[in-house]
Structures are given as structure tokens and as C-alpha cells.
Amino acid sequence: ALALGLEVVDLQIISPFHSQPFLGVCCGFLLNQHYNPAFVSLQMMKHAWDNYKHYAWGLNELKPISKQGHSSNLFGNIQGATIVDALDTLYIMEMKEEFKEAKEWVEKNLDFNVNAEISVFEVNIRFVGGLLSAYYLSGEEVFRKKAVELGEKLLPAFNTPTGIPWALLNIKSGIGRNWPWASGGSSILAEFGTLHLEFVHLSHLSGNPVFAEKVMNIRKVLNRLDKPEGLYPNYLNPSSGQWGQHHVSIGGLGDSFYEYLLKAWLMSDKTDEDGKKMYYDAVQAIETHLIRKSSGGLTYIAEWKGGLLEHKMGHLTCFAGGMFALGADGAPSDKTGHHIELGAEIARTCHESYDRTRMKLGPEAFRFDGGVEAIATRQNEKYYILRPEVIETYTYMWRLTHDPKYRDWGWEAVEALEKHCRVDGGYSGIRDVYNNHESHDDVQQSFFLSETLKYLYLLFSEDDLLPLEHWVFNTEAHPLPVLHKDDGNKEENQK
């Protein structure tokens, strides 16, 4: 170990789910005693954060091999995505010094007065969501102020004939447009459908009802429309208010719309009956038309293209296992067990997609046709970019069933991340998970710190850390508190 430059540590800690000593290399440590997986995920966060701080501080993301900053055009000229995305993870892991320096950066440097076009969806889930969570966890007023300031900058995106927001917005001029590749100038279901939780909280914290009104109007537009077979197409034109192509996905372009229907109901302390009905009706249509079982017995969620199924499932779709399990308790009483079982089956399929690769990390998409099951067959679907959705589902399944296999599967992911994605300068995605040798993509995504590492830490921690009855996680894993009827008055009195 010393020859490899590793530090030898003697961890006298019993794992919560293994009684056997473990010998292996992880996080730059040689673990030669019982190991504690929550400690390991904290050390992974420290490695990711320290390298970001050292090589890319104040920039959006880190290139861990080049050891320099990386900027995505999703955020325009807004900087500091990794800092804002990681705030709540730092707080939850009690990385107090790191949280303090992140807060100071936000106070002094987080600037929204930029002449740049941003993705409304990405800025909302990462920046607004990250700031809201940081405020609710720490009580630091700067986070509330910045969240509301940014929320106000996003409001011009809703200036369309229907109120369905544009995907892209210049936050200085207020001019919006949609992605040029989207069907017939449409807005995208997963983008305009993934504003609800944050905007309800913005109204709650600012006392300004306009945020909640904007997202409730989206619901009204959707409820007026005919749904083909009860399904929601991925494309909706913001000018005509009509669906674009009849493509339906629970993965990319659709995914978090369904997640937010359920979570809006849970976050409302189960008073948002409209959100509840929309969610359970949608799940019924998904079960009827999209969920299938392979000849090898794996349950998967296909994609629907004008009535024809494509037997492909994306890594992004793997979040749905956790969603089905989280929604089981509110399902009609005869369906509760069924929804938990559905979550378990999706978790197993997604675990298989990891297990059937060389690197034990899942591909971007995997197929169930042409004689293959849970395997990527196209070169452009074989990459892994540090995505969290499979670990997210393990975390929900563990919390809701306490079946130890979910912690075992989470530990398999830790070992694979350490073996293949950890580099000297942080963590990098992989171009082909079926290859014998790593080809790194040289990006440490901000969501690796916000989601992947947070869900790992929660998976290996006690259930009373952010209990699900009190907190709802946005689609970037930022925890937002359940809003009780009397909470509004309390917030108003505090301001």
C-alpha cells in the first residue's frame, strides 16, 4: 500500500450491513478493517470537492484529468454550479469549513446579472433548488434572497401565449425560445413540468404568489388537453397549446414531470389532490402501455412513439423504481404492495444493467431486443457520466423496505466508481462501460456532488437523516420541506 502511495488507516467501525472485514482500496485508503460506507461516501465527496476547489473554484464544473474548469452552455454566464449544487451535501455531511467557504463565495460572487441564455430547467433544478435547500437546512438568509432573486429572473420565460414556458431564456433581455431540435418549436414535458416544487417554495418564502400561479397554470393547460391513451407526450407547443410528436418517455424528455406530480402532492402535506390524481392516472397508463417484461424476466419501461414501442430504457428512467416505491403508500389500498413490487423490479433491472458491463457501471441506455437484455447495443449509448438515478432508486428502496441487498448494490457502485471513475484530480465519466480499459470523458458533473454522492451517503446513513415524511427531494436531490398549512404564517412572521 505504501508503495502505491496510499494511506493505511485502521477503521474500527462496523458496517451497518456487513459483518465480514473487507480488504480493498477505496478513496485513496487501504481499508484493512471493518468499513463504514457512509464514511467512504463522505471521503469521496471530500476528494471531489477538494479538487474542484483546487482547480476550478468559482467555475461551473471541473475537468478532473485536465485539472481545469469546465463550463456548460446550460448555465450561460452564471458561474459556480458545482458550489451551489453541493451546498446541501456539504451541510448534510457536516463538512462545516467547506460549507462556510461555499456560503462566502455565494455571498460575494454569485451573480445573476449576466447577458446570457440559460436553460430554465437546469438553472431551476440546480441553482434555485440548491439555494432553497441550503436556506432550509442552514437558515442563512443569503440563500433565500438569492433563490428569490433568481426566481424573479426566470419569470419572463412564462411570457408565451399559453403560459407554458420557453426552454431557453436570456435573463438580461427576458427573451425566450425553444430548443431548435424540439418537435415543431415545442417546449419539453420534463422541463416545464419540473418547476413546480421550487416555484411553490419561492412563493412560500417570498410571500409573492406569482411563482405558484405560473406553475399551477401549467397544470390547467395540461388538464384541458386530450392525452393519447392517457399518456403525456414529451412535446407541447407553447403558442398553440397543442402536443407535438406523440413520443412518450419516462426517461429523458419526460421523466421528472411524473416525479413532480407525486412530490407536489407529498410536499403539500397530501393536500394537492390534483397532483395526486394526475400522478396515479399517469402511472396506470404507463403500466398498461409502457411497462413490459423481458423473456428473461426483467421488468422494464419502454418508450412509446406514436403507438409503437421502442424496447429501450435509459439510465435516466431508472429513477422510476424509487418513484413507484415512494408513491406506494398513497396508491389505492389494493395497489400499495404492487407499487412497491414494481419499484423493486425496476431496481433489479437497473442493477442488471450495471452488472452486465465490464466496469459494473450502467450505460446511458440499454435495450431489450435483438436477443439482448439490459445491454447497450449502440456505441453512443455505452457511456456513464456519473449519473445518480440507479443509486437514487436503491436509496428509496432501502428506506422503504430495508432489504439489505440495496445497500449491497450501492456498495458495488462505490467500488466501481472508485476503481474506474476516480482519478487524481477528482471523478470522471467513462466513454464505454463495456471496455476493458477506461477512456475518461474528463468531466466531473455538478450532479455527482449534488445527487450521486448524497444518495450514497443517505443510503448508508440512518433513516432519521432527512426523513421522507418531512422532506421531498427535487430532481437534483435538493431536499425541500413538506409544507404544512400553518407554515405560511410562520414564514411571513419571520420576514
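Residues numbered from 1 in each chain as written. Predicted model: local features only at pLDDT ≥ 70, side-chain atom pairs only at ≥ 80, totals over all residues. Heavy atoms only, no water.

(A) Spatial organisation of the sheet that holds strand β11 (residues 247–248). Across the sheet, which stays open at both edges, the three strands sit in the order β11-β14-β15 with antiparallel pairing between neighbours. The open sheet has two free edges, formed respectively by β11 and β15 (308–310), since each of these has just one partner strand. Where β11 meets strand β14 (residues 303–305), two bridges bridge the pair, whose relative direction is antiparallel. Its bridge partner being in β14, H247 is matched across the sheet by K305. (Pairing = 2+ DSSP bridges. Helix = DSSP H or I, 4+ residues; strand = E, 2+ residues; numbered from the N terminus.)

(B) Fine view of the packing of aromatic side chains. Counted by the stated rule, this structure contains 25 aromatic pairs. A centroid spacing of 5.6 Å and a plane angle of 55° characterise the contact between F158 and F199, whose relative ring orientation is tilted. Taken together, the residues span a long stretch of sequence, with F158 in the loop between α5 (141–154) and β7 (168–170) and F199 in helix α7 (residues 196–206) at a distance of 41 residues. Where Y279 meets Y280, the ring centres are 4.8 Å apart and the plane angle is 75°; that geometry is what we call edge-to-face. Three or more aromatic residues joined by ring pairs make a cluster, and in this case those are Y232, W243, F257 and Y258. Residue placement shows K146 over the ring face of F112; its charged tip is 5.9 Å from the ring centre. (Phe/Tyr/Trp six-rings, centres within 6.5 Å; stacked < 30°, edge-to-face > 60°. Lys NZ or Arg CZ within 6 Å of the ring centre and 35° of its normal.)

(C) Structural view of the environment of M397. As for its position among the elements, M397 is in helix α13 (residues 389–401). M397 gets classed as buried once you look at its relative accessible area, which sits at 0%. Sequence spacing of M397 and I92 is 305 residues, and the spatial spacing of their C-alpha atoms is 20 Å. Not counting residues up to four positions away in its chain, the partners in contact with M397 are G321, A325, I340, G343, A344, A347, H402 and Y406. (Buried < 20%, exposed > 50% of the residue type's maximum accessible area, 1.4 Å probe, protein only. Contact = heavy atoms within 4.5 Å.)

(D) Structural context of the UniProt feature "active site" (unreviewed entry) in the protein. Feature annotation in UniProt assigns "active site" (unreviewed entry) to the following positions: E122, D255, E364 and E389. When you line up the elements, E122 lands in helix α4 (residues 120–138). Ignoring sequence-local partners within four residues, the contact set of E122 consists of L74, F75 and F127. You can see E389 is positioned in helix α13. Taking relative accessible area as the criterion, E389 reaches 8% and is therefore assigned buried. (UniProt positions renumbered as here; feature names shortened; annotations may be inferred.)

(E) Structural view of the sheet that holds β7. Read across the sheet, three strands follow the order β6-β7-β8 without closing on themselves; strand pairing throughout is antiparallel. Of all the strands in the sheet, the pair left with one neighbour each is β6 (117–119) and β8 (176–177). Pairing analysis gives three bridges linking β6 to β7, with the strands arranged antiparallel. If you follow S119 over to β7, its bridge partner there is L168. Sitting on the sheet, α4 is in contact with β6 and β7, with an inclination near 65° to β6. (Axes fitted to C-alpha atoms, helices over the stretch in contact; angles between N-to-C directions.)

(F) Up close: the pattern of salt bridges. As enumerated under the stated definition, the model contains 27 salt bridges in all. Here K293 and E345 are joined by a salt bridge, their closest N and O atoms 3.9 Å apart. With K293 in strand β12 (residues 291–293) and E345 in helix α12 (residues 336–355), this residue pair connects regions lying 52 residues apart in the sequence. The partner of R399 in a salt bridge is D463, with the nearest N and O atoms 3.6 Å apart. Taken as a pair, R399 in helix α13 and D463 in the loop between α15 (446–459) and β20 (471–473) lie far apart in primary sequence, 64 residues in all. The structure contains a network of salt bridges with shared partners spanning E61, E122, R126 and E476. (Salt bridge = Lys/Arg side-chain N within 4 Å of Asp/Glu carboxyl O.)

(G) Layout of α15. Counted at 1.5 Å a residue, the expected span for α15 with its 14 residues is 20 Å, and the 20 Å between its end C-alpha atoms agrees. Where α15 bends most, the angle comes to about 25°, and this point is L453. Burial analysis of α15 places 14 of its 14 residues in the buried class, which makes it a mostly covered element. (Expected span 1.5 Å × (residues − 1). Bend = angle between axes of the 7 residues up to and from the residue.)

(H) Looking closely at the side chain of Q444. Tracing the sequence through the fold places Q444 in the loop between β19 (426–427) and α15. From its side chain, Q444 meets the backbone nitrogen of Y427 in a polar contact 2.9 Å long. Those residues in contact with Q444 that lie beyond four places of it in its chain are A48, Y52, E61, L62, P64, L386, G426, Y427 and L449. (Polar contact = N/O pair within 3.5 Å; in protein donor to acceptor, adjacent residues only side chain to side chain.)

(I) Spotlight on the state of the cysteines. In the structure shown here, the tally under the stated rule is one disulfide. The partner cysteine of C318 in its disulfide is C350, sulfur to sulfur 2.1 Å. Disulfide C318 to C350: torsion about the S-S bond roughly -95°, handedness left-handed. Highlighted residues: C318 in the loop between β16 (312–314) and α11 (320–326) and C350 in helix α12, separated in sequence by 32 residues. C350 shares its class with C318; the two are buried. (Disulfide = S-S within 2.5 Å.)

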